[in-house]
Amino acid sequence: MELPPGVTLRLERLEAELAAAPVIDVVGVVEPPGAAGAGGGNSAGSQTWTLLFDFAAWRVVNSVVQRTTLSVRQDMLRDELRRLMGVLRPYKIFRIRARMVERSAVNGAPNAQMEALIGEELGDAELNAISQELQKPVTYTDPEFGTLTLNRALHCYDGEVVWEGRPARLSLFADDSGNIAGALLAARVLWENQTSWGMKVRNFAVGKLLPLKNESWLDDGEPELRPEDFLSRMRLESISIRPDGSFEFWHSDGDLFWGHSIQISGNLAEGPKHADIPG
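Everything numeric in this text was worked out from a predicted model, so none of it was measured. Numbers given for residues are sequential positions, taken from 1 along each chain in its written order. Predicted model: local features are reported for residues with pLDDT of at least 70 only, side-chain atom pairs are reported and counted for 80 or more only, and whole-chain, interface and lining totals are derived from all residues. Each side-chain value is worked out from all heavy atoms of the structure, with water and hydrogens disregarded.

### Some points on the nonpolar core
We define a nonpolar core as any set of buried Ala, Val, Leu, Ile, Met, Phe, Trp, Tyr and Cys residues linked to one another through side-chain atoms lying within 4.5 Å. Under the scheme applied here, a residue whose accessible area is under 20% of the maximum for its type counts as buried, over 50% as exposed, and between as partly exposed, the area being computed with a 1.4 Å probe on protein chains only. Core analysis: the largest hydrophobic core is formed by 35 residues, its most contacted members being Leu170, Leu172, Trp191, Phe230, Ile241, Phe257 and Ile262. Mapped onto this core, the elements with two or more residues apiece are strand S9 (156-163), strand S10 (166-173), helix H4 (181-192), helix H5 (194-216), strand S11 (235-241), strand S12 (246-252) and strand S13 (262-267). Take this core: its biggest share by element is seven residues, from H5. Among all residues touching tryptophan 191, those that are not within four sequence positions of it are Glu144, Phe145, Val161, Val162, Trp163, Leu170, Ile239 and Ile241. In this structure, Val26, Val30, Leu84 and Ile96 belong to the second largest nonpolar core, which totals 20 residues. Under the scheme used here, helices are H or I runs from DSSP no shorter than 4 residues and strands are E runs no shorter than 2 residues, and both carry numbers assigned from the N terminus. The contact rule is simple, with two residues in contact once any of their heavy atoms fall within 4.5 Å.

In structure tokens form, the structure reads like this:
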């Protein structure tokens with residue numbers, strides 16, 4: 001997928017900035033969810049992909065530990081990308097050789113262009129202690145939503161709640177400072193009027209997805225579904241809420257779309273806006 005021009009320009013500026021930086025050795029703790037890949041293609045193994053991962057804590061060798069996120073990237077072929085994605089697991093400590101800027105002129109944050117993965121680092125006592133600390137559960141207890149546990153991989157707090165009398169999973173996403181106050185406020189607005197919001201979500205799902213079901217997803221000999229048939233097979237599984245008031249309601253599809261999820265997204269100001277069947 002082609003990147004927007006503004007994103008492409010910032011990436012080119014960052015790459016030029018890193019290319020001019022000196023090569024140094026850096027040791028760091030891999031932040032959840034671990035390494036990912038971007039770019040390339042789906043079938044051509046020779047195409048170039050970009051390995052992406054973050055260090056949650058790191059140090060330039062023989063220097064002090066930094067507790068800011070260091071974003072690391074490296075271009076490579078797909079087979080090598082797959083191998084390194086399996087190696088660079090969350091909370092492990094690795095030494096890399098990289099070109100690094102501690103405060104990028106492009107995004108104001110630490111960034112690195114990896115030249116080589118030296119290997120796992122086992123003897124750094126301070127980083128080992130941080131790795132252990134990061135693996136301890138972090139919880140927030142709310143009088144309405146109960147105990148929510150930090151999901152470090154997704155930067156949200158998860159918990160089990162009740163929506164319209166049925167159990168569901170709630171995910172409150174943190175803002176850039178790690179605060180969930182905005183998402184929590186939005187969740188309270190939804191819960192105060194959950195019958196109304198639940199009806200809006202269901203009606204939107206029927207309006208957008210029932211025609212799709214009847215036009216393209218009927219089994220051989222299956223009659224067209226009525227709205228009540230469609231709704232009887234949807235089951236809410238989780239609700240995700242972000243600091244800006246946007247939300248996603250995720251449902252199991254009851255085999256309406258052969259096992260795809262039903263996702264209804266929107267925001268507090270405008271209500272449900274999009275319907276999708278990812279999976």
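Now, onward.
### Notes on the pairing of S9
S9 sits mainly inside the fold: six of its eight residues count as buried. The sheet contact formed by strand S8 (residues 146-151) and S9 spans three bridges and is antiparallel. Along S9, the bridge assignment pairs threonine 149 with aspartate 158. Here, a strand pair is defined by DSSP locating no fewer than two bridges between the strands. The hairpin formed by S8 and S9 contains four residues between the paired strands, and histidine 155 there has a positive phi angle of roughly 60 degrees. In textbook terms, the turn of a hairpin is the stretch between consecutive antiparallel strands, and for S9 and S10 this stretch comprises two residues, one of which, glutamate 164, has a positive phi near 50 degrees.

### Brief notes about the environment of isoleucine 93
Relative to the helices and strands, isoleucine 93 is located in strand S5 (residues 93-101). Its relative accessible area of 3% is what places isoleucine 93 among the buried residues. Residues isoleucine 93 and glycine 123, 30 residues apart in the sequence, show an inter-C-alpha distance of 9.4 Å. If sequence neighbours within four positions are ignored, isoleucine 93 has contacts with Val27, Gly28, Val29, Gly119, Glu120, Glu121, Leu127, Asn128 and Ser131.

### Side note on the pattern of salt bridges
Salt bridge, as applied in this entry: a Lys or Arg side-chain nitrogen positioned within 4 Å of an Asp or Glu carboxyl oxygen. Counted under the stated rule, the structure contains 19 salt bridges. Among the salt bridges present, the one from arginine 67 reaches glutamate 133, with a minimum N-O distance of 3.5 Å. Remark: glutamate 133 occurs in helix H3 (residues 125-134) and arginine 67 occurs in the loop between strand S3 (48-60) and strand S4 (70-77); sequence separation between them is 66 residues. The exposure class of arginine 67 is partly exposed, given its relative accessible area of 46%. Glutamate 133 gets classed as partly exposed once you look at its relative accessible area, which sits at 39%. Note that lysine 213 and glutamate 222 form a salt bridge whose closest N and O atoms lie 3.6 Å from each other. Taken as a pair, lysine 213 and glutamate 222 share a single burial class, namely buried. Here the salt bridges do not stand alone but share partners, grouping Asp25, Arg95, Arg97 and Glu121 into one network.

That's the geometry; what it means functionally is another story.
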